[in-house]
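# Observations on the three-dimensional arrangement
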Amino acid sequence: MNAAQIASVLNRLADLMELNGDNPFKVNAYRRAARAVENSRVPLSSLEGGPEQLPGVGKGTAAVIREIMETGRSKQLEELKEKLPEGLPELMSIQGLGPKSIHILYNRLGVTDVEELEQAVKDHRVRELPGFGEKKEKNILDGIRQYRQQPGRSLLVHALPVAEILLRRLQDNADVQRVEMAGSLRRMKETVKDADLVVATEDPESVAEQLVSMPEVIQVINQGETKVSVLVSFGFEIQVDVRLVAPDRFITALHHFTGSKEHNVRIRQRAKEFGWKVSEYGIFDPESGRELTFNEEEELYRMLHLPYMVPELREDRGEMDRQKENLPDLLEPEDYRGDLHMHTRWSDGTASVKEMAEAAMKRGYEYICITDHSQSLKVASGLTADDLKRQREEVDRVNDELEGITVLAGIEMDILPDGRLDFSDEVLEELDVVIASIHSSFKQDRETITRRILNAMENPHVHMIAHPTGRLINRRDPYAVDVDRIFETAAQTGTVLELNANPNRLDLKDTHLKRAKEEFGVTFTINTDAHSPEAFNFVRLGIATARRGWLESSDVINTLPLHRLKERIGKAR
DNA sequence: GCCGTTTTCGGCCCGACTGTTTTCAGTCG
């Protein structure tokens, strides 16, 4: 059991305890313990003095953690699972229903799943319960309908341009003094539920009017003094929440609505240590009655004697417990010197080698690497060893023609279902960069598919593993791969792991990056896997994800000048 | 369940909003 798995058991335990009607503070204690396990800088097994060394872990939760580590199970969890109907946790995802309501519905009406809840509402049995009424019944019905439609979370790559369009429109409004994105969008999470914006204005009414009268608005959900929510359609539907605040409260509101919720909790606890109160309106000193507002977020953090934390770090994944010098000096877009994974018309790309190189030059890259698919990937017109030789000639020609960029010749080679590689060592050693990846037999069991990737990493000619877990966000689960063994072997063999910046992949994801770096010392590469010149733009998402994973410039080989890059990937021993 | 240079007991983050309520509980972000 790794840290993430133990944390997941603790969280599950907290969910069920909550439904069981346990003391909310106890529930919260389990959630805190889960976060502590997940955020621990040292593996649990090497914690001298045991889990109770972690902040928020005491005798009780430590015993549970020990039990999970030793047996892989939790007796408490099994008892709760036994006691509570299977369908109950699902009810938590219905808007407006929380643990208290579900507890009552279950105990008084015997409601155990969504269908029974719907029936109970239709029979008007729910309105008879204490604390419920007619309106609540209607809300529950709406909640069920919404839950079944599941609009789900939007990909960052879709939501970001919408928010940017709205941002520009608001900036053009003379009544708007400042406007910024907030929420998970500003934190650059891989998916977002809605697009949050914060606006500083003296005239909220006029701004609200502008928002609700935009042509893309298909529904006004809420139009109040301080908040406008609209459903817009830009080829896909997304909810946009705009907060309207007085200019002097802009920064505290921006901070509050940027979140995350967990980070905000820690910020408010911190303020309390000084006897202050933090809210979206400012920092309030109950003694003097003074309320502080700010011009920049940096001042807010300084006020709390904290180092400034960029939005990508605000997840309560340890950032609040670090001194300034222990916070990462995050990777910046300017550090990025070249893309090492892309396709051309030789396989399934849309552009030539030269067109890709020219597009890369325009972006100021110092180098790129052409990595078309290998022979076994027939659907993508994979290249044979012979094709590779001819492609190398074309790469050489482009290098002669173009000044200021170096084109490397590589391959994205399939790891075959039986674990063999698609080319012999003799073919591989001719190439500048060898990326290995999986494009078939995704459904293999954990051991088989993990072994497949380990094999590839153990080959001295394989420099990198592309999209190591194979997940497609919202569409396909990761392979059953044991990521910890991948990280461990990557560190041992010097194999570089990819953060694939394709917006559907972002693989490795933020939490993997952080753990692979901190616990295993893995080195990474960020590549777009571009199949066209336009796709180079995705690097922005890759860099944002890397920042969410606490990566610094020195963790990512794409920040190296060419000669040092060559040294780094020359792992043949 | 956890925690303590004001506390080993009595707290545990803040405010808006809604719907159920004559003063508040639950949910949400």
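Model, not experiment: these values are computed from the prediction.

Counting its regular elements, chain A contains 22 helices and 17 strands. Computed over the C-alpha atoms, the radius of gyration of chain A is 26 Å, within 12% of the 25 Å expected from 2.2 N^0.38 for a compact globule of 573 residues. Each principal axis of the C-alpha distribution contributes one length, and for chain A these read about 75 × 65 × 50 Å. Counting all 573 residues of chain A, 53% fall into the buried class. Sequence separation of 24 or more characterises 67% of the internal contacts of chain A that already satisfy a separation of 6 or more. Looking at chain A as shown, the accessible area adds up to about 26,400 Å², and 46% of this sits on carbon and sulfur atoms.

So, about the UniProt feature "domain: Polymerase/histidinol phosphatase N-terminal" (unreviewed entry) in chain A. Cross-referencing UniProt, the feature "domain: Polymerase/histidinol phosphatase N-terminal" (unreviewed entry) maps to residues 338-417 in the present numbering. Between the end C-alpha atoms of residues 338-417 the distance is 31 Å, and the span holds 34% helix and 22% strand.

What follows concerns the nonpolar core. Of all hydrophobic cores here, the largest spans 60 residues; its most connected members are Ile 368, Met 413 and Leu 497. Filtering out sequence-adjacent residues up to four positions away, Ile 368 remains in contact with Asp 339, Met 342, Met 356, Ala 357, Ala 360, Ile 405, Thr 406, Val 407 and Leu 408. By size, the runner-up hydrophobic cluster in this structure holds 44 residues, among which are Ala 3, Val 57, Val 121 and Leu 129.

This next bit is on helix α3 (residues 59-71). Along an α-helix, residues three or four positions apart point the same way, because every turn accommodates 3.6 residues. An ideal rise of 1.5 Å per residue puts 18 Å on 13 residues; α3 measures up with 18 Å between its terminal C-alpha atoms. Among the residues making up α3, those that are buried are Thr 61, Ala 62, Val 64, Ile 65 and Ile 68. Relative to the axis of α3, the buried residues are bounded by an arc of 160° and lie together on one face. Turned more than 90 degrees off the buried face of α3, the exposed positions are Lys 59 and Glu 70. Elements that come into contact with the buried residues of α3 comprise α1 (3-19), α2 (24-39) and α4 (75-83). In the segment just after α3, Gly 72 is the residue with positive phi, at about 75°.

This part covers the sheet that holds strand β4 (residues 194-201). The strand order across the open sheet formed by five strands is β2-β4-β7-β6-β5, and the pairing between neighbours is mixed. For this open sheet the edge positions go to β2 (176-182) and β5 (217-223), each flanked by a neighbour on one side alone. Each strand of the sheet is rotated relative to its neighbour by a mean of 20°, with strand direction disregarded. Both β2 and β4 contribute to a ladder of six bridges, which runs antiparallel. Its bridge partner lying in β4, Val 179 is registered against Val 199. The sheet contacts of helix α11 (residues 204-212) involve β2, β4, β5, β6 (227-233) and β7 (237-245), and relative to β5 the element is tilted by about 150°.

Conventions we followed
- Residues numbered from 1 in each chain as written.
- Chains lettered and ligands numbered in written order.
- Predicted model: local features only at pLDDT ≥ 70, side-chain atom pairs only at ≥ 80, totals over all residues.
- Heavy atoms only, no water.
- Helix = DSSP H or I, 4+ residues; strand = E, 2+ residues; numbered from the N terminus.
- Rg over C-alpha atoms; globule rule 2.2 N^0.38 Å.
- Buried < 20%, exposed > 50% of the residue type's maximum accessible area, 1.4 Å probe, protein only.
- Contact = heavy atoms within 4.5 Å.
- Areas by Shrake-Rupley, 256 points an atom, 1.4 Å probe, with all protein chains shown as cover.
- UniProt positions renumbered as here; feature names shortened; annotations may be inferred.
- Core = buried A, V, L, I, M, F, W, Y, C linked by side-chain atoms within 4.5 Å.
- Expected span 1.5 Å × (residues − 1).
- Arc of directions from axis to C-beta.
- Pairing = 2+ DSSP bridges.
- Axes fitted to C-alpha atoms, helices over the stretch in contact; angles between N-to-C directions.

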